[in-house]
Amino acid sequence: MGDRIRKILMGVFSLIAVLCGAYLIWYYIWMPRENMGTAEEYEEYKIESNEETPEAAEPVEIPIDFASLQARNPEVCAWIRIEDTHIDYPIVQSRTDEEFYLEHSWEGNYSPAGAIFIQTYNAADFTDYNTVIYGHRMGNGNETMFHDVHNYMDMDYLKSHQNITVYTRDHIRSYKVFAAVVYDDRLIPVSFDFSAESGRQAFLDSLYASEDVRNQFAEGVEVTPEDRIITLSTCLESEPHHRFLLGAVLVDEK
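A. Structural context of the confidence of the model for the chain. For the chain, the average pLDDT comes to 84, and 78% of its residues sit at 70 or higher. Within the model, pLDDT remains below 50 along residues 22-54, and this stretch shows 7 contacts once partners closer than five positions in the same chain are excluded.

Below you can see the structure in the form of structure tokens.
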């Protein structure tokens, strides 16, 4: 009787040992393989690297002291410059009031001349398809802000002042003027769906469809919905329902 019980217990213990061994094999060997996936499934998450390590890119030298500007006003996001004009200003973007800089300087102080600014409809890093930049048209004798934009009603002036540079903390972007047109006073960033190619084309078409003897269009400057552009917008004296727009296409980025 005792030998029989002993054999039964030995059988039970042997079975337990086999089951434990099988569990350990499953837990430590088989289960990790099941959750690892195949090599093919992981290929989509890999970025193919070059065999040789490329040389580090030269840092872009930004000729604007953004650290000092933003220490005075953190809402400074860029700088715009058009050679041989008075347009050489910081660009600001209010995070709380879209019209704040209509009557405040770039430092945030009250000023009827306002500042050069963009609204929060646009990204502050100028990566949108169309970044709209606003500035007052100052009267005769006051050639500040966007006063000089009106000079683009003359084709000779447009041809000799076609290049616009926008600096941000990390990039230098060069644009070429392709259109100077009298336009209506709609809010452009919300009037066109720039996320769609059709919306981008619709905006370009609207510029060329504008009929005014003051309009000018540069020859030989191609602009497509795949490009990136900026639009300088300023008012027109005695025409409250019109704006004068200067369109420029990105031609270089560093």
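Structure's up, so let's keep going.
B. Summary view of unusual backbone geometry. Of note in this structure, Asp84 is not a glycine but carries a positive phi near 65°. Inspection of the secondary structure assignment puts Asp84 in the loop between strand S1 (76-81) and strand S2 (88-92). Note on Asp84: relative accessible area 67%, which makes it exposed. Residue Phe126 is not a glycine yet carries a positive backbone phi of 65°. Of note, Phe126 is situated in the loop between strand S3 (116-117) and strand S4 (130-134).

C. Main features of the pairing of S4. In terms of burial, S4 is largely enclosed, as 5 of its 5 residues are buried. With burial as the criterion, each face of S4 is covered, one bearing Asn130, Val132 and Tyr134 and the other bearing Thr131 and Ile133.

D. The arrangement of the pairing of strand S9 (residues 239-253) in detail. Where strand S6 (residues 172-184) lies against S9, 11 bridges are found, and the strand directions are antiparallel. Bridged to Asp184 within S9 is His242. Judged from the 8 bridges that link them, strand S8 (residues 229-236) and S9 form a sheet pairing that is antiparallel. Across the sheet, Thr234 pairs through a bridge with Phe244, a residue of S9. Remark: 2 residues form the turn of the hairpin made by S8 and S9, two consecutive strands paired antiparallel; Ser238 in that turn has positive phi of roughly 65°.

E. Highlighting the pattern of salt bridges. Tallying each qualifying case throughout the model produces 9 salt bridges. One salt bridge connects Asp88 with Arg81, and the closest N-O pair in it is separated by 2.8 Å. A residue is classified by how much of its surface remains accessible, and Asp88, at 33% relative accessible area, is partly exposed. Of the charged contacts, one joins Arg214 and Asp212 as a salt bridge, the two residues approaching to 2.8 Å between their closest N and O atoms. Beyond isolated ion pairs, a larger network of salt bridges with shared partners links Arg173, Arg228 and Glu253.

F. A look at the side chain of Thr234. Here Thr234 lies in strand S8. A polar contact of 2.9 Å, which involves the side chain of Thr234, links it to the backbone nitrogen of Arg137. Setting aside chain neighbours within four positions, we find Thr234 in contact with Gly135, His136, Arg137, Phe146, Val149, His150, Arg243 and Phe244.

G. A look at the packing of aromatic side chains. In the structure shown here, the tally under the stated rule is 9 aromatic pairs. Centre to centre, the rings of Phe100 and Tyr101 are 4.9 Å apart; their planes meet at 90°, and the pair counts as edge-to-face. A residue is classified by how much of its surface remains accessible, and Phe100, at 25% relative accessible area, is partly exposed. Taking the relative accessible area as the measure of exposure, Tyr101 reaches 2% and is therefore buried. Here a set of aromatic residues connected by ring pairs shows up, and it is made of Tyr129, Tyr183, Phe192, Phe194 and Phe203. The positively charged end of Arg200 is found above the aromatic ring belonging to Tyr129, 5.6 Å away from the centroid.

About the cut-offs
Residues numbered from 1 in each chain as written. Predicted model: local features only at pLDDT ≥ 70, side-chain atom pairs only at ≥ 80, totals over all residues. Heavy atoms only, no water. pLDDT = per-residue confidence, 0-100. Contact = heavy atoms within 4.5 Å. Helix = DSSP H or I, 4+ residues; strand = E, 2+ residues; numbered from the N terminus. Buried < 20%, exposed > 50% of the residue type's maximum accessible area, 1.4 Å probe, protein only. Pairing = 2+ DSSP bridges. Salt bridge = Lys/Arg side-chain N within 4 Å of Asp/Glu carboxyl O. Polar contact = N/O pair within 3.5 Å; in protein donor to acceptor, adjacent residues only side chain to side chain. Phe/Tyr/Trp six-rings, centres within 6.5 Å; stacked < 30°, edge-to-face > 60°. Lys NZ or Arg CZ within 6 Å of the ring centre and 35° of its normal.

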